[in-house]
Amino acid sequence: MNTLARRSPRRNGIVTLLTAVASVTVLLLGGVFTSAQPAAAAEDVVGKRPLVVFIGNSFTSGSAMDTGGIARYPSLLSAQLGFPYMTLTADGAGYASAGTESRTFLALAKKVPQNAAVVVVLGSDDDADNTAAQIRAGAAETYARIHEQAPGAVILAVASPWGQTPTPKGITTARDAVRDAALQDGNAFIDTITDKWLVAGPAGQVGSDGVHPTDVGHAEMARYLAPVISQLLPSRSV
């Protein structure tokens, strides 16, 4: 079961708890388009279907622990729910950490296209060495930039899943900071640690590096996210 905490977007401080049963079949098909294709060109292909943007690190872009492309959760979700998508990622990136490519999530958020309907920000385990205050500040800036880039978009903040127990303190600190910033801004938030992503369920969800999801792990991540994103997507134009 997937717990989604959400404030009424940017209107009041009431937190509504929605429960979405994650029992949707995941189809192993490719996404409509990838981050290599400009959003405008993609819209010509898919018409007016709502665009979903995924911001993250190697949990989103993939790693040597998975088989690539269509096996990763953004592509799985695109195939299952029928939306066009783009990914904006950098290895080692976080809300406070610039990572190996000297880009934070804020830097990535500057590339969100205006027509984005939902922006999923997953992270960040790479912030585990930063303070809660640094992570909250970085998250707040990131969400503000997304609102500027795509005023009509709904933001879904997802804590980094961690496939080992016990969860390191730095990971839970990052989770708490992201949660606080997301809810303060009126965004939806998923607590992957409490929901035991990559821990509960089938074996083999985490690769030999002990961190990154395998194809099985990506399929499980898509299974958790599918009903939540389905709730957040606007009604499609006929």
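Note that the structure is a prediction, hence the values are computed from the model and not measured. (Residues numbered from 1 in each chain as written. Predicted model: local features only at pLDDT ≥ 70, side-chain atom pairs only at ≥ 80, totals over all residues. Heavy atoms only, no water.)

1. Structural notes on the packing of aromatic side chains
Selection criterion: The rule is short: rings of Phe, Tyr and Trp, with Trp giving its six-membered ring, pair when the centres are within 6.5 Å, and they are stacked under 30 degrees, edge-to-face over 60, tilted in between. Strands are runs of DSSP state E lasting at least two residues, helices are runs of H or I lasting at least four, and both sets are numbered from the N terminus onward. Remark: exposure states derive from per-residue accessible area (1.4 Å probe, protein chains only) relative to the maximum for the residue type, with buried under 20%, exposed over 50%, and partly exposed in between. We call a charge positioned over a ring when the NZ of a Lys or the CZ of an Arg lies within 6 Å of the ring centre and within 35 degrees of the ring normal.
Counted according to the given criterion, the structure contains 6 aromatic pairs. Their ring planes at 85° and their centres at 5.7 Å tell us that F54 and Y73 sit as a pair that is edge-to-face. Of the two residues, F54 sits in strand β3 (residues 51-56) while Y73 sits in helix α3 (residues 73-81), which places them 19 residues apart along the sequence. As far as burial versus exposure is concerned, F54 and Y73 are alike and both buried. Considering the side-chain rings of W197 and Y224, the 4.9 Å spacing of their centres and the 25° angle between planes classify their relative orientation as stacked. One end of the pair, W197, is in the loop between β7 (188-190) and α7 (215-232); the other, Y224, is in helix α7, with 27 residues separating them in the sequence. Each residue in the set F54, Y73, F83 and Y85 is aromatic and connected to the rest through ring pairs, giving one cluster. One residue, R223, lies across the ring of Y224, its end atom 4.9 Å from the ring centre.

2. Overview of the nonpolar core
Condition: As used here, the term nonpolar core means buried Ala, Val, Leu, Ile, Met, Phe, Trp, Tyr and Cys residues forming a set that is joined through side-chain atoms within 4.5 Å.
With 32 residues, the main nonpolar core has F54, L77, F83, L156, L225 and I229 as its most contacted residues. Here this core takes 8 residues from α7, the largest share from any one element. Ranked by size, the runner-up nonpolar core spans 31 residues in total, among them L51, L88, A150 and I155.

3. Structural notes on the packing of helix α5 (residues 132-149) against helix α6 (residues 169-184)
The cut-off we apply is this: Comment: axis = line fitted to C-alpha atoms, over the contacting stretch for helices; angle = value between 0 and 180 degrees taken between N-to-C directions. Working definition: roughly parallel below 35 degrees, roughly antiparallel above 145 degrees, roughly perpendicular at 65 to 115 degrees, and oblique for all remaining angles. Helix crossings fall into two classes, left-handed where the near helix is turned counterclockwise from the far one by less than a right angle and right-handed where it is turned clockwise. Only heavy atoms enter the contact rule, under which two residues are in contact if any of them lie within 4.5 Å. Lys, Arg, Asp and Glu make up the charged group, whereas Ala, Val, Leu, Ile, Met, Phe, Trp, Tyr, Cys and Pro make up the nonpolar group; the residues left over, Gly among them, are polar.
Look at α5 against α6: their axes get within 8 Å of each other, and the N-to-C directions meet at 40°. Here α5 lies oblique to α6, going by the angle between them. Read as a crossing pair, α5 and α6 show a hand that is right-handed. On α6, the residues touching A132, I135, R136, A139, A140 and Y143 of α5 are T173, A174, A177, V178, D180, A181 and A182. Of the residues in the contact of α5 with α6, the class split is 10 nonpolar, 1 polar and 2 charged.

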